[in-house]
Amino acid sequence: MKLLPLFLRRPIEAVYERRLASTLVGLPRPQHVGIMVDGNRRWARKAGHTDVREGYRAGGAKVTTFLGWCTAAGIEHVTLFMLSDDNLGRPAEELGPLIEVIEETVRDITAEGRDWEVQVIGSLDLLPGTSAQVLKEATAATTGRGGLKVDVAVGYGGRREIVDAVKRAFEEHMAAGGDPAELVARFEIDDISRHLYSPVADHTDFIIRTSGEQRLSGFLLWQSAYAEMHWVDCYWPAFRHVDFLRALRSYANRERRFGK
């Protein structure tokens, strides 16, 4: 079927969006959404760009738009998966532009006037050059702002996070003069939850992944124990507000049992 011209399609989509949004009023909403912003390079190639950096730039711009949607929807916490620790093994000519876009994106979402409290989580010590310092300085200004809490996962790996949490639990215990054997004897789930990169996020309600891939790829492994999953076929730069609303509708229609 031939697609409608853009000047006709947009008004129709706008009407559909408003109707879809109205159906969500009063329905359950996730408090913490994890989003895997996948498919930037593939989007660039499909769009005919010879430089995949155009995909990174488009994806970075979509982050700010997405956070605006989350704020309007009453979401309290968002974790953005922008760079895994595995991605750090990419060639320098590919990794460098991606990190530059991440830095630009973080500067944008932390700019004065934004009502978002942002922190960067992950193994920042593994990032090249001064990237860790740049990201930390940008997010420091948002401390105490309130509003939507945003965690930007950079150099992040879920297994590494769990290992680091265990290490931190033991370091804290021993720094207070405790015996490691004592902690082993009473070690509980909360000892890990309290020492995650973002301790307040010991659970995640809803995880969305774009690009059609259907796997976690190490994202929020501990926090996602009872998270609902939603897979979207489009690439991240092409993710639309209507796609987000459909995801929220999918979440609202699920019966969450938490293993019961």
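Quick notes on the rules
- Residues numbered from 1 in each chain as written.
- Predicted model: local features only at pLDDT ≥ 70, side-chain atom pairs only at ≥ 80, totals over all residues.
- Heavy atoms only, no water.
- Helix = DSSP H or I, 4+ residues; strand = E, 2+ residues; numbered from the N terminus.
- Rg over C-alpha atoms; globule rule 2.2 N^0.38 Å.
- Buried < 20%, exposed > 50% of the residue type's maximum accessible area, 1.4 Å probe, protein only.
- Contact = heavy atoms within 4.5 Å.
- Areas by Shrake-Rupley, 256 points an atom, 1.4 Å probe, with all protein chains shown as cover.
- Phe/Tyr/Trp six-rings, centres within 6.5 Å; stacked < 30°, edge-to-face > 60°.
- UniProt positions renumbered as here; feature names shortened; annotations may be inferred.
- Salt bridge = Lys/Arg side-chain N within 4 Å of Asp/Glu carboxyl O.
- Pairing = 2+ DSSP bridges.
- Axes fitted to C-alpha atoms, helices over the stretch in contact; angles between N-to-C directions.

Bringing the overall build of the protein chain into the picture now. Across its full length, the protein chain carries 9 helices and 6 strands. Over its C-alpha trace the protein chain gives a radius of gyration of 20 Å, about what one expects of a compact globule, namely 18 Å for 260 residues. Overall size of the protein chain, expressed as C-alpha extent along the three principal axes, is 70 × 50 × 35 Å. Here the protein chain holds 260 residues, and the buried ones make up 44% of them. Counted over contacts in the protein chain with a minimum sequence separation of 6, partners at least 24 positions apart contribute 74%. Of the accessible surface of the protein chain, which amounts to about 13700 Å², a share of 52% is contributed by carbon and sulfur atoms.

Attention now moves to the packing of aromatic side chains. Counted according to the given criterion, the structure contains 13 aromatic pairs. With centroids separated by 6.4 Å and ring planes inclined at 75°, the aromatic side chains of Phe-66 and Trp-69 adopt a geometry described as edge-to-face. Of the two residues, Phe-66 and Trp-69 are both situated in helix H3 (residues 53-73); the distance of 3 residues between them amounts to about one turn of the helix. Its relative accessible area of 0% is what places Phe-66 among the buried residues. A centroid spacing of 5.6 Å and a plane angle of 25° characterise the contact between Trp-236 and Phe-239, whose relative ring orientation is stacked. Both residues of the pair, Trp-236 and Phe-239, count as buried.

The subject of this paragraph is the UniProt feature "active site" (unreviewed entry) in the protein chain. Under the present numbering, the feature "active site" (unreviewed entry) in UniProt falls on Asp-38 and Asn-87. A stretch of 50 residues holds the annotated residues, and the largest C-alpha distance among them is 12.3 Å, short enough that they meet in one place. Leave out the neighbours within four places in its chain, and Asp-38 touches Arg-209, Thr-210, Ser-211, Glu-213, Tyr-235 and Trp-236. Tracing the backbone through its elements, the reader meets Asn-87 in the loop between strand S2 (77-84) and helix H4 (92-109).

Let's shift gears to unusual backbone geometry. A positive phi angle, close to 50°, is found at Ser-217, a residue other than glycine. With respect to the helices and strands, the residue Ser-217 is situated in the loop between strand S5 (206-209) and strand S6 (228-231).

Moving on to the pattern of salt bridges. Scanning all chains against the criterion turns up 21 salt bridges. Linking Asp-151 and Lys-149 is a salt bridge whose minimum nitrogen-to-oxygen distance equals 3.6 Å. Connected through shared salt-bridge partners, Asp-38, Arg-42, Arg-209, Glu-213 and Arg-215 make up one network.

Let us look at the environment of Trp-69. Of the residues examined, Trp-69 reaches a relative accessible area of 15% and is grouped as buried. Spatially, the C-alpha atom of Trp-69 lies 21 Å from that of Glu-103, the residues being 34 residues apart in sequence. Excluding residues within four positions of it along the chain, Trp-69 makes contact with Lys-62, Phe-239, Arg-240, His-241 and Phe-244.

The next point concerns the sheet that holds strand S4 (residues 148-156). Pairing is parallel in the open sheet, where 6 strands are placed in the order S3-S4-S2-S1-S5-S6. The sheet is open, and its two borders are formed by strand S3 (116-121) and S6, each paired with just one other strand. Across the sheet, the axes of successive neighbouring strands diverge by a mean angle of 20°, strand direction being ignored. Two elements, S5 and S6, share 4 bridges in a ladder whose sense is parallel. Residue pairing in the sheet places Arg-209 in a bridge with Trp-231 of S6. Here H3 sits on the sheet in contact with strand S1 (32-36), S2, S3 and S4, set at roughly 160° to S2.

What follows covers the environment of Ala-247. Note on placement: Ala-247 falls in helix H9 (residues 241-252). Looking at Ala-247, the relative accessible area reads 0%, which means it is buried. With 17 residues separating them along the chain, Ala-247 and His-230 place their C-alpha atoms 6.6 Å apart. Other than its neighbours up to four places away in sequence, Ala-247 contacts Phe-206, Ile-208 and His-230.

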